[in-house]
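Single-letter residue listing:
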Amino acid sequence: KRQYQRRVHGDTKVASELKKYIKQYKKTTKGIILDLRNNPGGQLGQAIDTVNLFVDRGVIVSQKGRDESENEEFKATSDTTMTKVPMVVLVNGGSASASEIVSGGLQDLKRAVIIGEETFGKGSVQRIIPINDDGSEAIKLTIAKYYLPSGRTIQAKGIVPDIKVYPGEVLTQDESSFKLKESNMRKHLEVELEKVTDTKTKKEDKKIETKKEDKTVITQEMIMKDNQLKAGIDILKSLNICL
């Protein structure tokens, strides 16, 4: 069983929710896909706590500024680590800030394979400074930058995935090959085609009515519509074989 977690925003409960699901399915989970695509980020503390669920040592992220008082290191601790199963993180151009700290930290610490496209590149620490008495106007000043475990900065560079995979549907062998159907010919049997289509539609409608959707399960149809997710699943399978 492979666990899939999608996070499209970073709130104050991200790490605790992840911890809950990891604990709930720990006995049957053989791999984890953390989907951070189009995640604009959130709180630094949540990003650090999220990485700490998967690593037990090393610097997760550091903060360095012109003023030495702004410098700080955030390290992993073994008492909060939840799992060591193989892991994949999905990212794209919409992944920014805290989600880049998570994906970049896991990448540098050799804990996860990053798949998708280059991230946004927002890794600065900013402070809002009021410029009038009532605080109605202010300027945003960059006072420091975030640095990943390897020492590289996220700012304006982003995270380069280990495996670059573009979005879109999965191209199957049938779709990539040339086919000539009777319906492509000028003198095809339109009446017979309509009969077949009507029968097929009725059967499909009946299936939809009787089948209940399980939102906790990713169907094969959903996977085939997401090329990056399919690549992530394939990588997890290969990692499990190698272990």
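Basis of the calculations
- Residues numbered from 1 in each chain as written.
- Predicted model: local features only at pLDDT ≥ 70, side-chain atom pairs only at ≥ 80, totals over all residues.
- Heavy atoms only, no water.
- Salt bridge = Lys/Arg side-chain N within 4 Å of Asp/Glu carboxyl O.
- Helix = DSSP H or I, 4+ residues; strand = E, 2+ residues; numbered from the N terminus.
- Core = buried A, V, L, I, M, F, W, Y, C linked by side-chain atoms within 4.5 Å.
- Buried < 20%, exposed > 50% of the residue type's maximum accessible area, 1.4 Å probe, protein only.
- Contact = heavy atoms within 4.5 Å.
- Arc of directions from axis to C-beta.

Looking at the pattern of salt bridges
The tally for this structure, following the rule as stated, stands at eight salt bridges. In this structure, D234 engages K230 in a salt bridge whose closest nitrogen and oxygen atoms are separated by 3.0 Å. With a gap of four residues between them, D234 and K230 both fall in helix α7 (residues 227-242), about one helical turn apart. Among the charged side chains, a salt-bridge network with shared partners connects D35, R37 and D226.

Comments concerning the nonpolar core
Counting 35 residues, the largest nonpolar core has V61, M87, V89 and L106 as its most contacted members. Elements that contribute at least two residues to this core include exactly α1 (14-24), β2 (31-35), α2 (44-52), β3 (59-65), β5 (87-91), α3 (98-108) and β8 (138-147). Apart from residues no more than four positions distant in its own chain, L106 is found in contact with V51, F54, V55, M87, V89, R111 and A112. Core analysis: the next-biggest nonpolar cluster, separate from the first, contains 11 residues, V88, I115, I223 and A231 among them.

Thoughts on α1
Along α1, the residues that are buried comprise V14, A15, L18 and I22. Taken down its axis, α1 places every buried residue within 90° of arc, on the same side. Opposite the buried face of α1, by more than 90 degrees, sit the exposed residues K23 and Q24.

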